[in-house]
Amino acid sequence: MSDFTEDSNEFSLSLKDADPVTLKSILEIHWERICGRLKIEVGEVEYRTWLQQITLGGIEEDELTLYLPTRFLRDWVRSQYNSKLNQLWSNELSQIRRVELALTPPGNTISQTPVADPNDTLTQAPLNANISPPPAQKTIISQSLTPTIEVKEDDSKLPLQTQLDPRFTFDNFIVGKPNEFAYACSRRVAERPSSPGFNPLFLYGGVGLGKTHLMHAIGFELAKAGNISVSYMSAEKFMYRFIASIRSQSTIEFKEELRSVDVLMIDDLQFLIGKDNTQEEFFHTFNALIDAGRQIIVSADKSPSDLSGLEDRLRTRLGCGMVADIHATTYELRISILEAKAASANVVISPKVMEFLAHKITTNVRELEGALNRLIAHANLFGRPITLEATQEVLHDILKSHERRVTIEEIQRKVAEHCNIRQTDMTSARRARAVARPRQIAMYLAKQLTSRSLPEIGRKFGNRDHTTVMHAISRISELIEKDSAFAEDVELLRRMLES
Ligand SMILES: Nc1ncnc2c1ncn2[C@@H]1O[C@H](COP(=O)(O)OP(=O)(O)OP(=O)(O)O)[C@@H](O)[C@H]1O
């Protein structure tokens, strides 16, 4: 990337003369850098809500086109981010004087490619195919945490200051069954850091389920107590800082700085898998801090024992304190989160719309929050209430990406396996409870996980009537309400099918 970074004259030349493939690469490199800046300037949530879906279009003279998938998104981005995008692009590439925002046409390619070689898959590929914006920059180092948290930026030389996200407090964290244990442990560590049995605190769970939120919340609580130095950074940032310190021959300072903190928080530790030297450095830092009675808080997507690829001795040590899992959200938790977020934005959203969202966006809270933010913005922009129809229209792209690809046959197979019955019993006429109940579970999951209608589901289950499917769904919903062991079983099946 550094080959392309600093000299914009070099770019002007190379842009004008570049062949399509080179041009594509140059634009991608700049776009990646701009995405990194946008993410930090506007924040992770705002970035994901509005800007993540922008894709690169073509370049004509001094005008660059960026694409958005829906009219609403295009209008919103135009009204809110037009000047920022123009400014960032012209800073990156002096040749670009104007950024045009347009609707994504089917199969966009760089417009400077008038004659595409039909054999050249690179020039044929949509521009956005391989563009993955750089990961979020999460670094907060504060020597003395106060509610206004001072941050020292890292070596990446981004002219940006990050702060603990003021929304990520315990008060704003909605507690439900899936996260109550992690929440309680986090509270405990915030109240009494370095207590035996809670050091390290290891938080783990899937993407966007609140690990970072809880870490920030601990940081805020400790800030209130005052006089405690806290360092928070992503594992990725830890690695970059470590490498930079080696390059600049300041490893000792880096180590000293890290080892002087009272609380060290490292987010997304799975990033260190396969990075042996950084792991080793982290291991030593870890030991030094624990031995000195300092608190360590780590998050990852898996439990220490499942983080294969991390050195055994590190995994063992990580599991020595308190290990707390954040489970996938339940429908109830998603509804509570939506209600809380709508209330804090002072917006009334009908229960129907909330239920629709909680049913459709099940993977993570970040996406749910992003969808809600978009609805709120839409309502504010047009001054209209948020109806179910408006929701479907405004969130069209998000909902589409959430359409599950699991088939009814897969569901039948998985449930049959899990319940120890034959797959053919899913379609048979047998009515014995041992067969009928798993069949009802499979029907319920088919409704949840596919976009099939009730009659279609009925047909797949041995040509049963849609009322039979309806009955199955309501029976299983009832059992889920009443029987938590049963609910867990169904949830487990759902997770297996979705993974
Ligand atoms: N229980 C909750 N209550 C309120 N907001 C939540 C809750 N869980 C997650 N969120 C919100 O969802 C978003 C994503 O959460 P967060 O960044 O903490 O996830 P994460 O588990 O760290 O994800 P990743 O694995 O991507 O790092 C944040 O905006 C956070 O505030």
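Residues numbered from 1 in each chain as written. Predicted model: local features only at pLDDT ≥ 70, side-chain atom pairs only at ≥ 80, totals over all residues. Heavy atoms only, no water.

A few words on the site of the ligand. Taken together, 21 residues lie near the ligand, and Gly208, Lys211, Thr212, His213 and Glu369 sit nearest. Take glycine 208: an N or O atom from its main chain is 2.8 Å from an oxygen atom of the ligand. Here arginine 366 contributes a side-chain N or O atom positioned 3.0 Å from an oxygen atom of the ligand. Protein coverage of the free-state accessible area of the ligand, which is 630 Å², stands at 95%. Elements with a contribution of two residues or more to the shell around the ligand: helix H7 (211–225), helix H12 (331–344) and helix H14 (365–382). Looking at the shell around the ligand, its residues break down into eight nonpolar, seven polar and six charged. (Near = heavy atom within 4 Å. Polar contact = N/O pair within 3.5 Å; in protein donor to acceptor, adjacent residues only side chain to side chain. Areas by Shrake-Rupley, 256 points an atom, 1.4 Å probe, with all protein chains shown as cover. Helix = DSSP H or I, 4+ residues; strand = E, 2+ residues; numbered from the N terminus. Nonpolar A, V, L, I, M, F, W, Y, C, P; charged D, E, K, R; others polar.)

Within this structure, the stated rule accounts for 26 salt bridges. Two residues, arginine 374 and aspartate 397, come together in a salt bridge whose shortest N-O distance is 2.8 Å. With arginine 374 in helix H14 and aspartate 397 in helix H16 (residues 396–402), this pair connects stretches of sequence that are 23 residues apart. Classification of arginine 374 by relative accessible area gives buried; the value is 1%. (Salt bridge = Lys/Arg side-chain N within 4 Å of Asp/Glu carboxyl O. Buried < 20%, exposed > 50% of the residue type's maximum accessible area, 1.4 Å probe, protein only.)

So, about the pairing of strand E8 (residues 295–300). Within E8, six of the six residues are buried, which leaves it mostly tucked inside the rest of the structure. Here E8 shows no split at all, with Gln295, Ile297 and Ser299 on one side and Ile296, Val298 and Ala300 on the other all buried. Bridge count between strand E5 (residues 201–205) and E8: four bridges; the pairing is parallel. Looking at the pairing, leucine 201 lines up with isoleucine 297 of E8. Both strand E7 (residues 263–267) and E8 contribute to a ladder of four bridges, which runs parallel. Bridging across to E8, methionine 265 finds its partner in isoleucine 297. Taken together, E7, helix H10 (residues 276–291) and E8 constitute a β-α-β crossover, and its handedness is right-handed. (Pairing = 2+ DSSP bridges. Right-handed = clockwise from strand over helix to strand, strands pointing away.)

Attention now moves to the pairing of strand E6 (residues 230–234). In terms of burial, E6 is a largely internal element, five of the five residues being buried. The alternating pattern of E6 places Val230, Tyr232 and Ser234 and Ser231 and Met233 on opposite faces, both of which are buried.

This brings us to helix H4 (residues 71–92). Along an α-helix, a turn takes 3.6 residues, which lines up residues three or four apart on a common side. Taking 1.5 Å per residue, 22 residues should reach 32 Å; H4 reaches only 27 Å between its end C-alpha atoms and comes up short. Tyrosine 81 marks the point of greatest bend in H4, at about 75 degrees. (Expected span 1.5 Å × (residues − 1). Bend = angle between axes of the 7 residues up to and from the residue.)

Time to look at the packing of helix H17 (residues 408–419) against helix H18 (residues 433–449). Interhelical geometry of H17 versus H18 gives an angle of 145 degrees and a closest axis separation of 9 Å. Note on packing geometry: the crossing formed by H17 with H18 is right-handed. Seen from H17, the contacting residues are Ile408, Ile411, Val415 and Cys419; seen from H18, they are Pro438, Ile441, Ala442, Leu445, Ala446 and Leu449. Classifying every residue of the contact of H17 with H18 gives ten nonpolar, no polar and no charged. (Axes fitted to C-alpha atoms, helices over the stretch in contact; angles between N-to-C directions. Left-handed = near helix turned anticlockwise from the far one by under 90°. Contact = heavy atoms within 4.5 Å.)

Before going further, it helps to examine the environment of methionine 215. Within the secondary structure, methionine 215 is located in helix H7. Along the backbone, methionine 215 and methionine 265 are 50 residues apart, and their C-alpha atoms lie at a distance of 7.2 Å. With residues up to four places along the chain from it excluded, the contact list for methionine 215 reads Leu203, Tyr232, Met265, Ile266, Asp267, Ile297, Val298 and Ser299.

Right, let's talk about the sheet that holds strand E3 (residues 98–103) for a bit. Sheet architecture is open: three strands sit in the order E1-E2-E3, paired in mixed fashion. Across the chains shown, the open sheet's two edge strands, defined by having one partner strand only, are strand E1 (55–60) and E3. Averaged over all adjacent pairs, the angle separating strand axes in this sheet is 30 degrees, with direction ignored. Both E1 and strand E2 (residues 63–68) contribute to a ladder of four bridges, which runs antiparallel. Each bridged residue has a counterpart across the sheet, and for leucine 56 the counterpart in E2 is leucine 66. Across the sheet, H4 lies against E1, E2 and E3, angled at about 160 degrees from E3, the strand it touches most.

Now for unusual backbone geometry. With an omega dihedral of 5 degrees, the bond running from asparagine 199 to proline 200 counts as a cis peptide bond. One non-glycine residue, glutamine 249, lies in the positive phi region at around 55 degrees. Counting through the fold element by element, glutamine 249 comes out in the loop between helix H8 (235–247) and helix H9 (251–259). Even without being glycine, asparagine 463 reaches a positive phi, approximately 55 degrees.

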